[in-house]
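Letter by letter, the chains look like this.
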Amino acid sequence: MAHQHSSQPRLSPSSYEEDITHLLAPRLAYFEAVARHEHVTRAAQELSVPQSTLSRAMVRLEADLGVALFARKGRTVSLTPAGRTFLTTVERALAEVERAADSVRADADPTSGKVAFGFLHTLGSETVPSLIRAFRADHPRVRFSLVQNYGEAMLERLRSGTLDLCLTSPVPDAPDLVARRLDEQRLRLVVPDDHRLASRKRIRLAEAADETFVTLEPGYGLRRITDDLCTEAGFKPRIAFEGEEAETLRGLVAAGLGVALLPPPAVPRPGVVELAITGQRAVREIGVAWLDGHPDTPPVAAFKAFLLSRRGHLLPD
């Protein structure tokens with residue numbers, strides 16, 4: 001392989017760092033094969049490329065680096081000290097690329113791939129485990145990466161590509177997302193068991209206008225629903241405590257620190273009474289959302305179809 005000077009100009013210092021990866025990446029596998037065989041023709045045969053193409057690629061690689069990687073004798077080559085140093089790093093880089101390719105292929109495997117699935121904290125103790133158990137009856141090897149968070153945070157994860165699907169409330173309405181309503185939960189006014197209203201079974205929310213409320217923090221879907229329902233009932237709630245998890249709010253109610261609008265608990269909580277709301281539609285809708293135009297891997301497509309098939313009976317009775 002005759003050593004020729006490349007007609008391409010060397011990279012300037014200002015452009016070197018941003019361009020060198022694009023120049024080198026296509027040639028690294030070529031370099032590794034030549035270094036391993038120490039013979040251009042045999043490397044070309046393994047790679048199924050013309051010998052002349054491979055020779056030119058190695059000359060250009062050395063020209064771009066400004067370093068001699070090979071000592072040449074005909075079509076036989078041996079690595080220079082710089083070439084041995086470069087080979088060590090190239091082998092690691094190619095191994096990482098291969099591992100990355102294996103990982104994404106494994107995640108997309110129809111039978112054993114992975115679904116990145118987000119959901120609200122209030123759906124984590126019972127609803128989501130039941131859903132996954134039912135889905136895995138027909139897809140026993142599909143893996144899940146599970147994320148519990150509030151709605152807006154999960155939507156941002158959808159947009160960033162770290163989630164495939166999420167169960168959230170309210171059902172989002174955004175141009176870059178697709179969302180489908182699946183079910184709804186009736187909200188209840190939760191009061192301490194020694195509260196003046198605890199003997200009631202149902203209540204108009206306006207009757208709680210003078211109560212102190214405990215709520216989720218702003219940004220949570222349930223907080224927005226609480227604020228909207230109270231506004232509809234003719235008052236702005238007086239809020240004493242803001243939290244991040246519904247069962248913590250139930251604990252605060254049980255401690256006599258306020259009342260709360262909450263969905264039904266997975267397990268009844270002692271110390272509180274849950275009153276049905278009358279006179280207005282006090283519900284939260286649960287929906288599934290995904291990024292519009294985002295291609296689904298087979299396991300994600302299967303789980304999405306499963307969730308959509310549960311419309312109207314997503315939640316446990």
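From a predicted model like this one, the values you see are computed outputs, not experimental measurements.

1. Overview of the pairing of strand E12 (residues 272-278)
Move 1: By the bridge criterion, five bridges tie strand E7 (residues 188-192) to E12 in an arrangement that is antiparallel. Bridging from a neighbouring strand, Val190 pairs with Glu274 of E12.
Move 2: When strand E8 (residues 202-204) meets E12, the two strands line up parallel, connected through three bridges. Of the residues in E12, the one forming a bridge with Ile203 is Ile277.

2. Concerning the pairing of strand E2 (residues 76-79)
Move 1: By the alternation rule, side chains of E2 split into Val77 and Leu79, which are all buried, and Thr76 and Ser78, of which none is buried.
Move 2: Where strand E1 (residues 70-73) and E2 come together, four bridges link them in antiparallel fashion. Bridge pairing links Arg72 to Val77 in E2.
Move 3: Linkage of E1 to E2, two consecutive antiparallel strands, is achieved through a turn of two residues, within which Gly74 is found at a positive phi near 70°.

3. Structural notes on the packing of aromatic side chains
Move 1: Applying the stated criterion to the full structure yields 11 aromatic pairs.
Move 2: Arranged with centres 5.5 Å apart and planes meeting at 50°, the rings of Phe31 and Phe70 form a pair that is tilted. Here the residue Phe31 occupies a position in helix H2 (residues 28-37), and Phe70 occupies one in strand E1, the gap between them amounting to 39 residues.
Move 3: With a centroid separation of 4.9 Å and 80° between ring planes, the pair formed by Phe117 and Phe303 is classed as edge-to-face.

4. Focus: the confidence of the model for the chain
Move 1: On average, residues of the chain carry a pLDDT of 90, and 92% of them reach 70 or more.
Move 2: In this model residues 1-18 is a low-confidence stretch, pLDDT under 50, and it forms 25 contacts with partners more than four residues away in sequence or in other chains.

5. Observations concerning the layout of surface pockets
Move 1: Counted as a void, the largest pocket has a volume near 380 Å³.
Move 2: Lining the largest pocket are 20 residues, and of these Glu126, Gln185, Pro264, Pro265 and Ala266 sit closest to its centre.
Move 3: Here the lining of the largest pocket gets three residues from one element, more than from any other, and that element is helix H9 (residues 246-254).
Move 4: Partitioned by chemical class, the residues of the lining of the largest pocket number nine nonpolar, five polar and six charged.

6. A word on empty space enclosed by the protein
Move 1: Following the criterion strictly, the structure yields three cavities of 30 Å³ or more and no others.
Move 2: Volume-wise, the largest cavity comes out at about 120 Å³.
Move 3: Lining the largest cavity are 15 residues, and of these Leu120, Thr122, Leu216, Tyr220 and Arg284 lie nearest its centre.
Move 4: For the lining of the largest cavity, the residue count by class is six nonpolar, six polar and three charged.
Move 5: Put simply, the second largest cavity is a space of about 60 Å³.
Move 6: Lining the second largest cavity we find Leu158, Gly161, Leu163, Asp164, Trp290, Leu291, His294, Asp296 and Val300.
Move 7: Counted by class, the lining of the second largest cavity contains five nonpolar, two polar and two charged residues.

7. A short note on the packing of H2 against helix H3 (residues 40-47)
Move 1: Between H2 and H3, the least distance of the axes is 8 Å, while the angle of their chain directions is 130°. Classified by the angle between their axes, H2 and H3 sit oblique to one another. Crossing hand, H2 versus H3: right-handed. Residue-level contacts link Tyr30, Ala33, Val34, Arg36 and His37 of H2 to Arg42, Ala43, Glu46 and Leu47 of H3.
Move 2: Here the contact of H2 with H3 is composed, by residue class, of five nonpolar, one polar and three charged.

8. Observations regarding helix H5 (residues 81-107)
Move 1: The terminal C-alpha atoms of H5 lie 40 Å apart, and with 27 residues this matches the ideal 39 Å at 1.5 Å per residue to within 8%.
Move 2: Each element contacted by the buried residues of H5 is listed here: H2, helix H4 (51-65), E2, strand E3 (114-119), strand E4 (143-148) and helix H10 (298-309).

9. Description of the nonpolar core
Side chains that are nonpolar tend, in soluble globular proteins, to be buried together.
Move 1: Residues Phe117, Leu165, Leu167, Phe303 and Leu307 are the most contacted members of the largest nonpolar core, which totals 35 residues.
Move 2: If you list the elements that add at least two residues to this core, you get E3, helix H6 (127-136), E4, helix H7 (151-160), strand E5 (165-168), strand E6 (177-186), strand E13 (283-291) and H10.
Move 3: Looking at this core element by element, the count peaks at five residues for E13.
Move 4: Each residue touching Phe303, except ones within four places of it in the same chain, is listed here: Val115, Phe117, Phe135, Phe144 and Leu165.
Move 5: Among the nonpolar cores identified, the runner-up in size contains 29 residues, and Val191, Cys230, Val259 and Ala260 belong to it.

What counts and what doesn't
- Residues numbered from 1 in each chain as written.
- Predicted model: local features only at pLDDT ≥ 70, side-chain atom pairs only at ≥ 80, totals over all residues.
- Heavy atoms only, no water.
- Pairing = 2+ DSSP bridges.
- Helix = DSSP H or I, 4+ residues; strand = E, 2+ residues; numbered from the N terminus.
- Buried < 20%, exposed > 50% of the residue type's maximum accessible area, 1.4 Å probe, protein only.
- Phe/Tyr/Trp six-rings, centres within 6.5 Å; stacked < 30°, edge-to-face > 60°.
- pLDDT = per-residue confidence, 0-100.
- Contact = heavy atoms within 4.5 Å.
- 1 Å grid on protein atoms, 1.4 Å probe; cavity = no way out; pocket = protein on both sides within 12 Å on 5 of 7 lines; lining within 4 Å.
- Points joined across faces, edges and corners; volume = space filled by probe spheres on them.
- Nonpolar A, V, L, I, M, F, W, Y, C, P; charged D, E, K, R; others polar.
- Axes fitted to C-alpha atoms, helices over the stretch in contact; angles between N-to-C directions.
- Parallel < 35°, antiparallel > 145°, perpendicular 65-115°, else oblique.
- Left-handed = near helix turned anticlockwise from the far one by under 90°.
- Expected span 1.5 Å × (residues − 1).
- Core = buried A, V, L, I, M, F, W, Y, C linked by side-chain atoms within 4.5 Å.

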